[in-house]
Each structure stands twice: as C-alpha cells, then as structure tokens.
Amino acid sequence: MGEEKQDHVDRILAQWRRERPDLDVEPMGILGRLKRLGTHLGREVEAVLLKHGLSTSAFDVLATLRRSGAPHRLSPGELLEMTMVSSGTMTNRIDQLEKSGFVERIVNPDDRRSVLIALTDKGLATVEAAVDAHVANQRRLTANLSAADKTELDRLLRKFLSDFE
C-alpha cells in the first residue's frame, strides 16, 4: 500500500482476501470507495443546502431552472430530462416547491394547453445564495486534491460513467 493511509474499504478487502483468496476483489474496492465517498459527499452537500432551506432534490430542480437561463422556466418534461427522476417524483417536487413559493406554474405562451415551471423571485434569490455556498463547499471538499489529481480523477470518472450513459 506504500505510504497511503488505509481506509475502511482496505480492511474489508483484506478480510475477503483472507477468507476468499480465489476472488478478485479489486472492483469491489473501487465500487466500495465510490459508494462510501458518495455517502460522505452527500451528507456534506445536504448540510450546506439545508442552511438555505433546501433538500438536495429541491436544489436540483431550482438549479436546473436557474442554469436554463432567463426567464428561468422549463416544461415539466424538460425538467424530467435534466434531472433523471420519474414523472410522479417530479410532480411531487414541483408541488412542494410551489407551496414554498420557490416556483410557479405558468401557462406556456407557445402552447396554452401546457404549463411551464418558473422560478419566482424568492426561488431565484434562494438558488443564487445556495449555489454560491454549494460551489464553495465543493471547492472545500476537493481541496486536498492537486489540480493534476482533479483533472485525472475527472477524466477517469467520465470514462467510467460513459459506459452507463
């Protein structure tokens, strides 16, 4: 292992290697670390967003609307495509965000039979503050990686993810 500190996954792999030396557990290490890292990062992200009164799922919708550009409105179908959730889940998220005053349903000016989901002034102000804090938090969470490490990790994760997308 060299000079690197052992982590929880190393201990699990050592147990499997002891008990089942016939198994190639290298992939288990990679996937186990990704899972554990996702859990740790998810907690850190959630803590910052909660300070702005948002869950990660609410932030996901608001951030999607914000990054779509002015006038910050999308159809429910467009939101579905960009957030990878079911239509029922998206309807529930929109309902909750509407109750909180972050979004509103407006008649689509191009097709009066449909609606668009639009950020309200409150929603825009909230997501602006939350995204600033979110990006600062992401910077903090990756601070122990060098610029070269970040580039290489991003390249490897993109390669790994491409098989699924």
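Structure: above.
Residues numbered from 1 in each chain as written. Predicted model: local features only at pLDDT ≥ 70, side-chain atom pairs only at ≥ 80, totals over all residues. Heavy atoms only, no water.

What follows is about the packing of aromatic side chains. What describes a pair of aromatic rings is the distance from one ring centre to the other and the angle between the planes of the rings. Per the counting criterion, the structure on display carries 1 aromatic pair. Sitting above the plane of the Phe-102 ring, Lys-122 keeps its charged end 5.0 Å from the centroid. (Phe/Tyr/Trp six-rings, centres within 6.5 Å; stacked < 30°, edge-to-face > 60°. Lys NZ or Arg CZ within 6 Å of the ring centre and 35° of its normal.)

Attention now goes to the packing of helix α3 (residues 56–67) against helix α5 (residues 87–99). Two elements in contact, α3 and α5, have axes whose closest approach is 10 Å; the angle formed by their N-to-C orientations is 85°. When the axis of α3 is compared with that of α5, the two are roughly perpendicular. Where α3 abuts α5, its residues Ser-57, Ala-58, Asp-60, Val-61 and Leu-62 lie against Met-90, Arg-93 and Leu-97. Looking at the contact of α3 with α5 residue by residue, the class counts come to 5 nonpolar, 1 polar and 2 charged. (Axes fitted to C-alpha atoms, helices over the stretch in contact; angles between N-to-C directions. Helix = DSSP H or I, 4+ residues; strand = E, 2+ residues; numbered from the N terminus. Parallel < 35°, antiparallel > 145°, perpendicular 65-115°, else oblique. Contact = heavy atoms within 4.5 Å. Nonpolar A, V, L, I, M, F, W, Y, C, P; charged D, E, K, R; others polar.)

On to the environment of Gly-77, then. Along the chain, Gly-77 turns up in helix α4 (residues 76–83). Judged by relative accessible area, which is 33%, Gly-77 ranks as partly exposed. With 39 residues separating them along the chain, Gly-77 and Leu-116 place their C-alpha atoms 9.4 Å apart. (Buried < 20%, exposed > 50% of the residue type's maximum accessible area, 1.4 Å probe, protein only.)

A contiguous patch of positive charge, built from Lys-5, Arg-11, Arg-36 and Arg-43, is present on the exposed surface. Note that Lys-5 resides in the segment before α1 (8–19). (Patch = residues over 30% accessible without salt bridge, like charges linked within 9 Å, V, L, I, M, F, W, Y side chains within 5 Å. Areas by Shrake-Rupley, 256 points an atom, 1.4 Å probe, with all protein chains shown as cover. Salt bridge = Lys/Arg side-chain N within 4 Å of Asp/Glu carboxyl O. Lys, Arg positive; Asp, Glu negative; His and termini not counted. Charge placed at Lys NZ, Arg CZ, Asp CG, Glu CD.)

Another aspect to go through is the side chain of Thr-126. Within the secondary structure, Thr-126 sits in helix α6 (residues 121–141). Reaching out from Thr-126, the side chain makes a polar contact with the backbone oxygen of Lys-122 at a distance of 2.8 Å. Among residues more than four places away in sequence, those in contact with Thr-126 are His-52, Leu-54 and Phe-102. (Polar contact = N/O pair within 3.5 Å; in protein donor to acceptor, adjacent residues only side chain to side chain.)

Under the criterion given, the structure shown has 12 salt bridges. Between Arg-105 and Asp-95 there is a salt bridge whose closest N-O contact spans 2.7 Å. Of the two residues, Arg-105 is situated in strand β2 (residues 103–108) and Asp-95 in helix α5; the sequence distance between them amounts to 10 residues. Among the residues examined, Arg-105 registers a relative accessible area of 31% and is labelled partly exposed. Salt bridges sharing common partners tie together Asp-7, Asp-10 and Arg-33.

Here we take up the environment of Gln-96. Tracing the backbone through its elements, the reader meets Gln-96 in helix α5. We classify Gln-96 as partly exposed; its relative accessible area is 40%. Expressed as a C-alpha distance, the spacing of Gln-96 and Ala-58, which sit 38 residues apart in the sequence, is 8.4 Å.

What follows is about the pairing of strand β3 (residues 111–119). Taken together, the 2 bridges between strand β1 (residues 73–74) and β3 define a ladder with antiparallel strand orientation. The residue of β3 that forms the bridge with Leu-74 is Ile-117. Across 6 bridges, β2 lies against β3 in antiparallel orientation. By the bridge assignment, Glu-104 is partnered in β3 with Ala-118. What sits between β2 and β3 in their antiparallel hairpin is a turn of 2 residues. (Pairing = 2+ DSSP bridges.)

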